[in-house]
Amino acid sequence: MSADPVRKLASQPASGLRTSAVEVRRSARRSRTVSAYRDGDRTVVLIPARMSAAEEQRWVAVMLDKLAAQESRRMPGDAELAARAERLSEQYLHARAVPDTVRWVTNQNSRWGSCTPSEGSIRLSHRLQGMPEYVIDYVLLHELAHLLVPGHGPSFWKLLDGYPRTERARGFLEGVVAVDRLPNPPGGAGE
């Protein structure tokens, strides 16, 4: 048993989803239950202090699988994404942005979303799946605004002024990009 109540484990895959750093927190007050939650790009697993290292490893794997299953059930498909786009257009753009298609794609690795105004199509990167809803909403709203204004000039940004989480979502996405560029990302084997 580790004397350290908090341990960080190397990044581990969670049923095919993005990998995340795993932090195990042991508690003497926790007698039987194990729980886990996502905290940004980290997964925190809470276990009883008395658990052996083998039990810890088994429970970490179980909890990662459980979280991944929960997240996969929550990820919207293309139909849900289209309905979300309609709701966002009504709420923030006075229902003026009406895309013909809205869908997830797996071939966008250097951008979060794209829009082709002439075709009325919006595509969001699959890398957004599993991110907080406000981040997905921001990217979707950003692409909806491109149906009305193609460039990134002042009139484009004015369309996004009504969305209250624009800066927070942009900061989240910038953080994801920054972590991906680190030579030794947090949660790696070097910790």
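Further up the page is the structure itself.
Right, let's walk through the structure included here. (Residues numbered from 1 in each chain as written. Predicted model: local features only at pLDDT ≥ 70, side-chain atom pairs only at ≥ 80, totals over all residues. Heavy atoms only, no water.)

## Quick look at the pattern of salt bridges
Argument step 1. If you walk through the whole model with that rule in mind, you get 6 salt bridges.
Argument step 2. Salt-bridge contacts for Arg 25 lead to Glu 23; the nearest nitrogen and oxygen are separated by 2.7 Å.
Argument step 3. Residue class for Arg 25 comes out partly exposed when judged on its relative accessible area of 27%.
Argument step 4. For Glu 23, a relative accessible area of 6% translates into the label buried.
Argument step 5. For the salt bridge of Arg 84 with Glu 133, the shortest nitrogen-to-oxygen distance reads 3.8 Å. Here Arg 84 is found in helix α2 (residues 78-93), whereas its partner Glu 133 is found in helix α3 (residues 133-148), with 49 residues between them in sequence. (Salt bridge = Lys/Arg side-chain N within 4 Å of Asp/Glu carboxyl O. Buried < 20%, exposed > 50% of the residue type's maximum accessible area, 1.4 Å probe, protein only. Helix = DSSP H or I, 4+ residues; strand = E, 2+ residues; numbered from the N terminus.)

## Some details on the sheet that holds strand β6 (residues 113-116)
Argument step 1. With mixed pairing, 3 strands are arranged side by side in an open sheet as β5-β7-β6. Single-partner strands in this sheet number two, and they are β5 (101-105) and β6. This sheet shows a mean twist of 15° between the axes of neighbouring strands, independent of strand direction.
Argument step 2. Relative to strand β7 (residues 121-125), β5 runs parallel, the two sharing 5 bridges. Within β7, the position partnered with Thr 101 by the bridge is Ser 121.
Argument step 3. Relative to the sheet, α3 contacts β5, β6 and β7, its axis offset from that of β7 by approximately 155°. (Pairing = 2+ DSSP bridges. Axes fitted to C-alpha atoms, helices over the stretch in contact; angles between N-to-C directions. Contact = heavy atoms within 4.5 Å.)

## Details of unusual backbone geometry
Argument step 1. Even without being glycine, His 94 reaches a positive phi, approximately 55°.
Argument step 2. Tracing the chain through its elements places His 94 in the loop between α2 and β5.
Argument step 3. Take His 94: its relative accessible area is 68%, and that puts it in the exposed class.
Argument step 4. If you check the backbone angles, Ala 95 has positive phi at about 60° while not being a glycine.
Argument step 5. You can call Ala 95 partly exposed: its relative accessible area is 40%.

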